[in-house]
Amino acid sequence: GDMVGLLEDLAPSVRQSAMIALGRCCGLSQPLRGKVLDRGVVHQIVSVLRSGGSAALMRAALFFLYSTTNNSADAARQAVELHALPVLCERLELIDPNAKADAVWCLAAIARHDASLANAVAQSGALPLLTLCFKEPSLPLKRISLSAVGVIAQHGPDQASLLLEAGLVAAALPLLKQRDQLVRRRLVPR
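Note that the coordinates shown come from a computational prediction; the quantities given were computed from them, not determined experimentally. Just so you know, the residues in each chain are numbered from 1, in the order the chain's sequence is written. pLDDT decides what is reported in this predicted model: residues at 70 or higher carry local features, side-chain atom pairs at 80 or more are listed and counted, and totals for whole chains, interfaces and linings draw on all residues regardless. Side-chain descriptors were evaluated using all non-hydrogen atoms of the structure, hydrogens and water having been removed beforehand.

**Section: the overall build of the protein chain**
Point 1. Within the protein chain, the secondary structure is distributed over 12 helices and 0 strands.
Point 2. The helix and strand sequence of the protein chain, counted from the amino end, reads α-α-α-α-α-α-α-α-α-α-α-α.
Point 3. Only C-alpha atoms enter the radius of gyration, while the globule expectation follows 2.2 Å times N to the 0.38, with N the number of residues. The C-alpha radius of gyration of the protein chain comes to 17 Å, within 12% of the 16 Å expected for a compact globule of 190 residues.
Point 4. A principal-axis box enclosing the C-alpha atoms of the protein chain has dimensions of 55 × 30 × 25 Å.
Point 5. Summary of the burial criterion: residues with accessible area below 20% of their type's maximum are buried, those above 50% are exposed, and those between are partly exposed, where the area comes from a 1.4 Å probe applied to protein chains only. Residues counted as buried form 46% of the 190 residues belonging to the protein chain.
Point 6. Separation of charge centres in the protein chain, based on 20 positive and 15 negative side chains, amounts to 11 Å. Strands here are runs of E lasting at least two residues and helices are runs of H or I lasting at least four, both read from the DSSP assignment and numbered beginning at the N terminus. Positive charges are assigned to Lys and Arg, negative charges to Asp and Glu, while His and the chain termini are left out of the count. Here the site of a charge means NZ on Lys, CZ on Arg, CG on Asp, or CD on Glu.

Shown next as structure tokens:
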């Protein structure tokens, strides 16, 4: 059967299961990822994220978006063109640290491919929100946010300058005092 068609099912639980299964396929196999992406599913996933739904459905949609954009620069470009970045930034304003962390993973997956995608993430309004994530009590959110900032900075001095101008470096410095070794390790890679 056609699993991509299940993304349009009326039952949210079916759509959620389809997103998780297709996300796993995209993460495991380039040929499967190509077949899935040819069907315009990035558009469907961004539409789901934009329209909202249960926390479980949103989490599945974010997993699927992460799996496709992390493994494909073309999917990352599609997500940017379909205005996924403002939707992800909106999720960074939620109270739930897990929802924020999922959105940060997606931003990092988009930014990892090249400087133009990193610039798109940096200029989407995400940087001030990432600064706020550093101040959250959630250690996993701090770690993921630091990783995302590192992904953006890795593309060159222009991206690093954007982070510096946005105050992310100054906001990250207090994290050197963190007891959590994983936070410190992401801040100062060896």
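Moving on, there is more to tell.
**Looking at unusual backbone geometry**
Point 1. For His 83, which is not a glycine, the phi torsion comes out positive at approximately 65 degrees.
Point 2. Topologically, His 83 is positioned in the loop between helix 5 (73-81) and helix 6 (84-91).

**Side note on the packing of aromatic side chains**
Point 1. Aromatic rings from Phe, Tyr and Trp, taking only the six-membered ring of Trp, are treated as a pair when their centres fall within 6.5 Å; an angle between ring planes under 30 degrees marks them as stacked, one over 60 as edge-to-face, and anything in between as tilted. Per the stated rule, a full pass over the model turns up 1 aromatic pair.
Point 2. Taking the centre distance of 5.8 Å and the plane angle of 70 degrees together, the rings of Tyr 66 and Trp 105 count as edge-to-face. Taken together, the residues span a long stretch of sequence, with Tyr 66 in helix 4 (residues 55-71) and Trp 105 in helix 7 (residues 97-111) at a distance of 39 residues.
Point 3. The class for Tyr 66 is partly exposed, based on a relative accessible area of 25%.

**Topic: the nonpolar core**
Point 1. Nine residue types can take part in a nonpolar core, namely buried Ala, Val, Leu, Ile, Met, Phe, Trp, Tyr and Cys, and a core is a set of them joined through side-chain atoms within 4.5 Å. Leu 7, Met 19, Phe 64 and Leu 88 are the most contacted members of the largest nonpolar core, which has 61 residues in total.
Point 2. Broken down by element, the residue count for this core peaks at 10 residues, all from helix 8 (residues 115-134).
Point 3. Between two residues, a contact is recorded if the distance between any of their heavy atoms is within 4.5 Å. Setting aside its immediate chain neighbours within four residues, Leu 7 contacts Arg 15, Ala 18, Met 19, Leu 22, Val 41, Gln 44, Ile 45 and Phe 64.

**Comments concerning the packing of helix 4 against helix 5**
Point 1. Lines fitted to C-alpha atoms define the axes here, with helix axes fitted over just the stretch in contact, and angles between the N-to-C directions of these axes take values from 0 to 180 degrees. Where helix 4 contacts helix 5, the two axes come as close as 5 Å, and the packing angle between them is 125 degrees. Looking at the two axes, helix 4 sits oblique to helix 5. Residues Leu 65, Thr 68, Thr 69 and Asn 71 of helix 4 form the contact with helix 5, whose own contacting residues are Ala 73, Ala 75, Ala 76 and Ala 79.
Point 2. Residues that form the contact of helix 4 with helix 5 fall into these classes: 5 nonpolar, 3 polar and no charged. We call two directions roughly parallel when the angle between them is under 35 degrees, roughly antiparallel when it is over 145, roughly perpendicular when it lies between 65 and 115, and oblique otherwise. Gly is placed with the polar residues, together with every amino acid not listed as nonpolar (Ala, Val, Leu, Ile, Met, Phe, Trp, Tyr, Cys and Pro) or charged (Asp, Glu, Lys and Arg).

**Here we look at a nonpolar patch on the surface**
Point 1. The patch calculation keeps residues exceeding 30% relative accessible area without a salt bridge and links them within 9 Å when they carry like charges or within 5 Å when they are nonpolar (Val, Leu, Ile, Met, Phe, Trp, Tyr). Areas reported as accessible are Shrake-Rupley estimates using a 1.4 Å probe. Residue values count occlusion only from the protein chains shown. When a carboxyl oxygen of Asp or Glu lies within 4 Å of a side-chain nitrogen of Lys or Arg, that pair is called a salt bridge. A cluster of nonpolar side chains, Leu 164, Val 169, Leu 173 and Leu 176, forms an exposed patch at the surface whose accessible area comes to about 360 Å².
Point 2. Along the chain, Leu 164 turns up in helix 10 (residues 157-165).
Point 3. Assessed through its relative accessible area of 56%, Leu 164 is described here as exposed.

**Points about helix 3 (residues 41-51)**
Point 1. The set of residues buried in helix 3 consists of Val 41, Val 42, Gln 44, Ile 45, Val 46, Val 48 and Leu 49.
Point 2. Two residues or fewer past helix 3, Gly 52 is found with a positive phi of approximately 85 degrees.

**Overview of the packing of helix 8 against helix 10**
Point 1. Relative orientation of the contacting elements helix 8 and helix 10 amounts to 10 degrees, with a least axis distance of 10 Å. The orientation of helix 8 with respect to helix 10, classified from their angle, is roughly parallel. Counted together, Ala 115, Ala 118, Asn 119, Ala 122, Gln 123 and Leu 127 of helix 8 and Gln 159, Leu 162 and Leu 163 of helix 10 form the full contact between these two elements.
Point 2. Its residues assigned to classes, the contact of helix 8 with helix 10 shows 6 nonpolar, 3 polar and no charged.

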